[in-house]
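The primary structure of each chain is shown beneath.
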Amino acid sequence: DGTDIAVRCESDFRKLRGYRRYADIVAAVRKEYEGFDTRARWVLRPLPAGAKALPCTLLIKVKLNPNGSEDVVKARCVVSCPKTSLRPGVDHGPVFCPTPECVCARAVIKHGLDCNKRVEVIDVPQAFLFGAPDRHTYVRTPPGRPRCFAPDGTPMAYYLNASQYGLPSAPR
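Worth saying up front: this structure is predicted, and the values here are computed from it rather than measured.

Notes on the state of the cysteines
Working definition: the covalent bond between the sulfur atoms of two cysteines is a disulfide.
Thinking step 1. Scanning all chains against the criterion turns up 0 disulfides.
Thinking step 2. Of all cysteine sulfurs in the structure, the one in C77 sits closest to C56, which takes part in no disulfide; the separation is 4.0 Å.
Thinking step 3. Given the relative accessible area of 5%, C56 is considered buried.

Structure, rendered in structure tokens:
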């Protein structure tokens, strides 16, 4: 099934330097962050007084070919909301996973066939991130990115302009 790695802090990221696919991991992480940057999903800003920045975790997956050989390295940056700080009904509603079940996919295909329509599959990178968050949300500097400070010494954080994986308020 592959190798799964969770990187919660910068020291975890540095520990990966000895991993033989380290260059591929760095490239996958860079691609993930560049997706956020180029689509303006987050903006680096000084953290306002009294605001809390949520931690991020990098989820790294080494995918395998059918014969068991390693294929590609993927990285996903997710917000690591501490469950103890979230209040059901206040901070979030039901948890939602945007991945359809096989039954749903079959229903869409059958509907297309019944209507004599052409059905195509498309993979949109970071497609889930096109919804707007329902509140001001800041995240800490994720692993693999340098920490930044404002000229007055205030720590900088990433303000989310769009939803990010792991947010309880992500679109449904």
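Observations concerning the packing of aromatic side chains
Thinking step 1. Taken as a whole, this structure holds 5 aromatic pairs when the rule is applied.
Thinking step 2. Feature note: the residues Y33, F36, W42 and Y158 constitute an aromatic cluster, connected by ring pairs.
Thinking step 3. When the ring centre of Y159 is taken as reference, the NZ or CZ atom of R45 above it lies at 4.2 Å.

Side note on the pattern of salt bridges
Thinking step 1. Counting across every chain of the model gives 6 salt bridges.
Thinking step 2. Here R20 and E70 are joined by a salt bridge, their closest N and O atoms 2.9 Å apart. Of this pair, R20 sits in the loop between α1 (10-15) and α2 (22-38) while E70 sits in strand β5 (residues 70-79), and the two are 50 residues apart along the sequence.
Thinking step 3. Judged by relative accessible area, R20 falls into the exposed class, the value being 64%.
Thinking step 4. The exposure class of E70 is partly exposed, given its relative accessible area of 25%.
Thinking step 5. Ionic contacts of the salt-bridge type, sharing partners, join the residues R20, R21, D24 and E70 into one network.

Looking at the side chain of T141
Thinking step 1. Structurally, T141 is set in the loop between β6 (138-139) and β7 (156-160).
Thinking step 2. Those residues in contact with T141, other than ones at most four positions away along the chain, are P146, R147, C148, M156 and Y158.

Rules used in this analysis
- Residues numbered from 1 in each chain as written.
- Predicted model: local features only at pLDDT ≥ 70, side-chain atom pairs only at ≥ 80, totals over all residues.
- Heavy atoms only, no water.
- Disulfide = S-S within 2.5 Å.
- Buried < 20%, exposed > 50% of the residue type's maximum accessible area, 1.4 Å probe, protein only.
- Phe/Tyr/Trp six-rings, centres within 6.5 Å; stacked < 30°, edge-to-face > 60°.
- Lys NZ or Arg CZ within 6 Å of the ring centre and 35° of its normal.
- Salt bridge = Lys/Arg side-chain N within 4 Å of Asp/Glu carboxyl O.
- Helix = DSSP H or I, 4+ residues; strand = E, 2+ residues; numbered from the N terminus.
- Contact = heavy atoms within 4.5 Å.

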